[in-house]
Amino acid sequence: MKKKTIIIGSIVFALLLVIIGFKTFNKEAAKISFETAKVVKGTVSNTITATGTLEAIRTISVGCQVSGIVDKLYVDYNSHVKAGDLLAELDKRTLITSLENAQANLDNAKAEMTFQTANFNRTKALADKNLVAQNDYDQAIYSFTKAQTLLKTAQLEYGRAQINLNYASIHSPIDGVVLERAVDEGQTVAASFNTPTLFSIANDLTQMQVEASIDEADIGKVLVNQRVTFTVDAFPDLNFDGKVVQIRLQPITKSNVVTYTVVVQAPNPDLKLMPGMTASITVFVEEAKDVLIVSSKALHFTPDQGLMDTYLASLTGKEVIGQEPENNNKPKMDSTSRNVWVKNGTNVHSVSVKVGIDDDMNAQVIEGLNEGDEVITSMSSSVSASSTSGGQSSSPFMPKPPGSKTTTTKKS
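What you see is a predicted model, and the numbers here were worked out from it, not measured in a lab.

**Side note on the overall build of the chain**
Then step 1. Each helix and strand in the chain was counted, giving five helices and 20 strands.
Then step 2. Here the chain holds 412 residues, and 34% of them are scored as buried.
Then step 3. Taking the intrachain contacts of the chain between residues at least 6 apart in sequence as the baseline, contacts between residues at least 24 apart amount to 74%.
Then step 4. Accessible surface, the chain as shown: approximately 25,200 Å² in total, 52% of it carbon and sulfur.

**A closer look at unusual backbone geometry**
Then step 1. Residue asparagine 256 is not a glycine yet carries a positive backbone phi of 65°.
Then step 2. Note that asparagine 256 resides in the loop between strand S13 (235-254) and strand S14 (257-267).
Then step 3. Exposure remark for asparagine 256: the relative accessible area of 77% places this residue in the exposed category.

**A word on the nonpolar core**
Then step 1. Membership of the largest hydrophobic core comes to 27 residues, with the highest contact counts inside it found for Leu54, Val210, Phe230, Val232, Leu273 and Ile281.
Then step 2. For this core, the secondary structure elements donating two or more residues are strand S2 (40-56), strand S11 (207-215), strand S12 (227-232), S13, S14 and strand S15 (278-295).
Then step 3. Those residues within four positions of leucine 54 in sequence are excluded, and the remaining contacts are Met208, Gln209, Val210, Phe230, Val232, Ala266, Leu273, Met274, Pro275, Gly276 and Met277.
Then step 4. Core analysis: the next-biggest nonpolar cluster, separate from the first, contains 24 residues, Leu87, Ala88, Leu99 and Ala168 among them.

**Some words on the packing of aromatic side chains**
Then step 1. In the structure shown here, the tally under the stated rule is four aromatic pairs.
Then step 2. Centroid distance phenylalanine 120 to phenylalanine 144: 5.0 Å. Interplanar angle 15°. Geometry classified as stacked. Remark: phenylalanine 144 occurs in helix H3 (residues 134-167) and phenylalanine 120 occurs in helix H2 (residues 93-128); sequence separation between them is 24 residues. With respect to burial, phenylalanine 120 and phenylalanine 144 carry one shared label: buried.
Then step 3. With a centroid separation of 5.5 Å and 20° between ring planes, the pair formed by phenylalanine 230 and phenylalanine 240 is classed as stacked. You can see phenylalanine 230 sitting in strand S12 and its partner phenylalanine 240 sitting in strand S13, a full ten residues away along the chain. Accessibility classification places phenylalanine 230 together with phenylalanine 240 in one group, the buried group.
Then step 4. Grouped by ring-pair contacts, the aromatic residues Phe120, Tyr137 and Phe144 constitute a single cluster.
Then step 5. The positively charged end of arginine 227 is found above the aromatic ring belonging to phenylalanine 284, 3.9 Å away from the centroid.

**Things to note about H2**
Then step 1. End to end, H2 covers 52 Å across 36 residues, agreeing with the expected 52 Å (1.5 Å per residue, within 8%).
Then step 2. Buried residues of H2: Leu95, Leu99, Ala102, Leu106, Ala109, Met113, Gln116, Phe120, Thr123 and Ala127, and no others.
Then step 3. On its buried face, H2 sits against H3.
Then step 4. Positive phi shows up at asparagine 130, right after H2, with a value of about 60°.

**Quick notes on the packing of H2 against H3**
The description of two packed helices rests on the angle between their axes and on the distance between the axes.
Then step 1. Interhelical geometry of H2 versus H3 gives an angle of 160° and a closest axis separation of 7 Å. Accordingly, the angle class assigned to the pair H2 and H3 is roughly antiparallel. H3 is crossed by H2, and the crossing has left-handed handedness.
Then step 2. Counted by class, the contact of H2 with H3 contains 20 nonpolar, twelve polar and five charged residues.

**Overview of the layout of surface pockets**
Then step 1. One number sums up the size of the second largest pocket: a volume of about 260 Å³.
Then step 2. Taken together, 14 residues form the lining of the second largest pocket, with His80, Val177, Leu179, Leu205 and Leu271 sitting closest to its centre.
Then step 3. Take the lining of the second largest pocket: its biggest share by element is three residues, from strand S8 (residues 176-181).

**Things to note about H3**
Then step 1. Over its 34 residues, H3 extends 50 Å from the first C-alpha to the last, a length consistent with the 50 Å expected when each residue adds 1.5 Å.
Then step 2. For H3, the full list of buried residues reads Tyr137, Ala140, Ser143, Phe144, Ala147, Leu151, Ala154, Ala161 and Leu165.

**Quick word on the sheet that holds strand S9 (residues 188-189)**
Then step 1. Within the open sheet, the four strands sit side by side as S7-S6-S4-S9. Their pairing is antiparallel. The sheet is open, and its two borders are formed by strand S7 (169-171) and S9, each paired with just one other strand.
Then step 2. Sheet topology places strand S4 (residues 68-73) next to strand S6 (residues 86-90); three bridges connect them, and they run antiparallel. The residue bridging lysine 72 from the neighbouring strand is glutamate 89, located in S6.

**Remarks on the pairing of S14**
Then step 1. Bridge count for S11 against S14 is nine bridges, and the pairing is antiparallel. Across the sheet, glutamate 211 pairs through a bridge with valine 263, a residue of S14.
Then step 2. Once S13 ends, the chain turns through two residues before running back antiparallel as S14, passing serine 255 with a positive phi of about 55°.

**Quick notes on the environment of threonine 97**
Then step 1. In this fold, threonine 97 is placed in helix H2.
Then step 2. C-alpha of threonine 97 to C-alpha of leucine 165: the two residues are 68 residues apart in sequence and 9.8 Å apart in space.
Then step 3. Among the polar contacts listed, one links the side chain of threonine 97 to the backbone oxygen of arginine 93, at a separation of 3.0 Å.

**Side note on the sheet that holds strand S10 (residues 197-202)**
Then step 1. Taken together, the four strands give an open sheet; going across it, the order is S3-S10-S8-S5, and neighbouring strands pair in antiparallel fashion. The open sheet has two edge strands with one neighbour each: strand S3 (59-63) and strand S5 (80-81).
Then step 2. Two strands pair when backbone bridges link them, and S3 and S10 are joined in this way by five bridges, in the antiparallel orientation. Paired with threonine 59 across the strands is alanine 202, a residue of S10.

Quick notes on the rules
Throughout, residues of each chain are indexed from 1 in the direction in which the sequence is written. The predicted origin of the model limits local features to residues at a pLDDT of at least 70 and limits the giving and counting of side-chain atom pairs to 80 or more, whereas totals for whole chains, interfaces and linings rest on all residues. Note that the side-chain values use all heavy atoms of the structure and ignore hydrogens as well as water. The helix count covers DSSP runs of H or I at least four residues long, the strand count covers runs of E at least two residues long, and both are numbered beginning at the N terminus. Buried residues are those whose accessible area, probed at 1.4 Å on protein chains only, stays under 20% of the maximum for their type, while exposed residues exceed 50% and partly exposed ones sit between those limits. Working rule for contacts: check all heavy atoms of both residues, and any pair within 4.5 Å makes them a contact. Surface accessibility follows the Shrake-Rupley procedure with a 1.4 Å probe radius. Residue values consider only the protein chains on display as shielding. Here, nonpolar core refers to any group of buried Ala, Val, Leu, Ile, Met, Phe, Trp, Tyr and Cys residues whose side-chain atoms link them within 4.5 Å. Aromatic rings from Phe, Tyr and Trp, with only the six-membered ring used for Trp, were paired whenever their centres fell within 6.5 Å, and each pair was classed as stacked if the ring planes differed by under 30 degrees, edge-to-face if by over 60, and tilted otherwise. In this scheme, Lys NZ or Arg CZ marks a charge over a ring once it lies within 6 Å of the ring centre and within 35 degrees of the ring normal. By this rule the span expected of a helix is its residue count minus one, scaled by 1.5 Å. An axis is simply a line fitted to the C-alpha atoms; with a helix, the fit covers only the stretch in contact. Between two such axes, the angle follows the N-to-C directions and lies from 0 to 180 degrees. Oblique is the label for any angle not covered by the other classes, which are roughly parallel (under 35 degrees), roughly antiparallel (over 145) and roughly perpendicular (65 to 115). Crossing handedness is defined as follows: a turn of the near helix away from the far one that is anticlockwise and smaller than a right angle gives a left-handed crossing, while the clockwise case is right-handed. Side-chain classes are defined by residue name, with Ala, Val, Leu, Ile, Met, Phe, Trp, Tyr, Cys and Pro counting as nonpolar, Asp, Glu, Lys and Arg as charged, and the others, Gly among them, as polar. Cavity and pocket criteria rest on a 1 Å grid covering protein atoms alone: a 1.4 Å probe that fits but cannot get out defines a cavity, protein on both sides within 12 Å along at least 5 of 7 lines defines an open pocket, and an atom within 4 Å of a point defines a lining residue. Grid points are joined across faces, edges and corners, and a volume is the space filled by probe spheres set on the points. Two strands qualify as a pair provided DSSP detects at least 2 bridges between them. Each polar contact in these results corresponds to two N or O atoms within 3.5 Å; when the atoms are within protein, one needs to be able to donate a hydrogen and the other to accept it, and residues that are neighboring in sequence are counted only if both atoms are side-chain atoms.

In C-alpha cells form, the structure reads like this:
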C-alpha cells in the first residue's frame, strides 16, 4: 500500500512538472513586438483634383465690319502688337469711290442749301411787305426746308462712307500676341450677315488662367485664394503654382453630371504655358505647415487585449487578465479627440489627443503629444513553431522534428 502511494505521488509530481514547464515554455516562446512611428513636424493637407484648360486672361477676336478683298497683311502668327498697330488692309478702291460719290452729293446739297436760303430770304422780305403771293412764300419755305434735309442726308452719307473707308484698315485694339490669323492676302471677306474674325489676340501670355471643372460634391470645399498646383503634359516633371480667383455660379451639366467652373490664376513668366494646354490641378482645400503630425494608422490602432496581457505579464512576471495600462492623462473627449497608444521604453499607455487635418496618411496633432513621442501603429506576437502545431500546443519535453525553428506571427 505504501509503495502504491509513493508511485501515485511520483506520477502526480511528474505531471505538475510537465504542466509548469509547458506554461513556462509558452510564455518564453511568445514574443510581443510593436511597430511604431514618431511624432514629427511636417505638412498635412486635404486636396481636390480636377482637370482644366489653360487660357489667356483676355483674348480679343478682331473682325471686319465691311466686305472686301484682303489687300495687305502686316502681322502673322505670334506677332507682338501694340494697341493701334495696323494689322491688315482691305482693297479700298470701291470704298474710296463711295466716299467721292458721297462728297459730290454733299457738295450738291450745300449748293442747293445756299440757293434756297437766299431765295427764302428774298421771298420772306417781299412777303413782309405783302408784295408776293402767299403761295409763292409757302413754296419758298418748302424748298428751304427740303434743302436742309437733303444737306443733312448728304452729310450722313459722307460720314458713313468715311467710316467704311476707315474700317478697311484693321487695327489692334489691345497690346498682345497674335494667336490666330484667319485670312490670307487676296481672300474675300463678307460682312453681310455677321462680322468675320480675322485675328485672335491674347492680351498678356505672362499671366494665364486655368478654367477647371469641379464636381458638385467638392465645390463646397473650394474657396477664393486657396493655393493650387498643377501640371501639364508638355512638362510632366514641373509643378506650376496658382490660386483660385473665381468660382462661377453657372452649373454645367453633361450626362447628368453637374460641375462648376473654377478659374485659377497661373503666372507664366517663362512663357512655358500655352493657351489650350490641359492642366491637372490640385486644390489645397485644407493645409497646415510646420505642425506636429502623427501617422493616421496610430489613430486607428486598438491593441489586442490578449496580446497586451501577454506583454504585461512578460514585464511583471505575473499573469494579467483583462487589465488595461493605467492612463492618468485623459482629457475630456470631443469630436476631434482620438486615442493613440504611446510606447516609452517598455512602458505602453494610451493618450487622448486632439487632431486637426487628416489626409488618411498623417494627421495634425493639436494637443496631447510632443515631438519625438513614439506611437504604436500595430503589434504582433511571434510564437515558436515547437509550441504551436495546427493551432494546438505541444509539450516542450516532446522530441522536436528537424527544421522546427520557424515562427508564426499574430498581429493586432
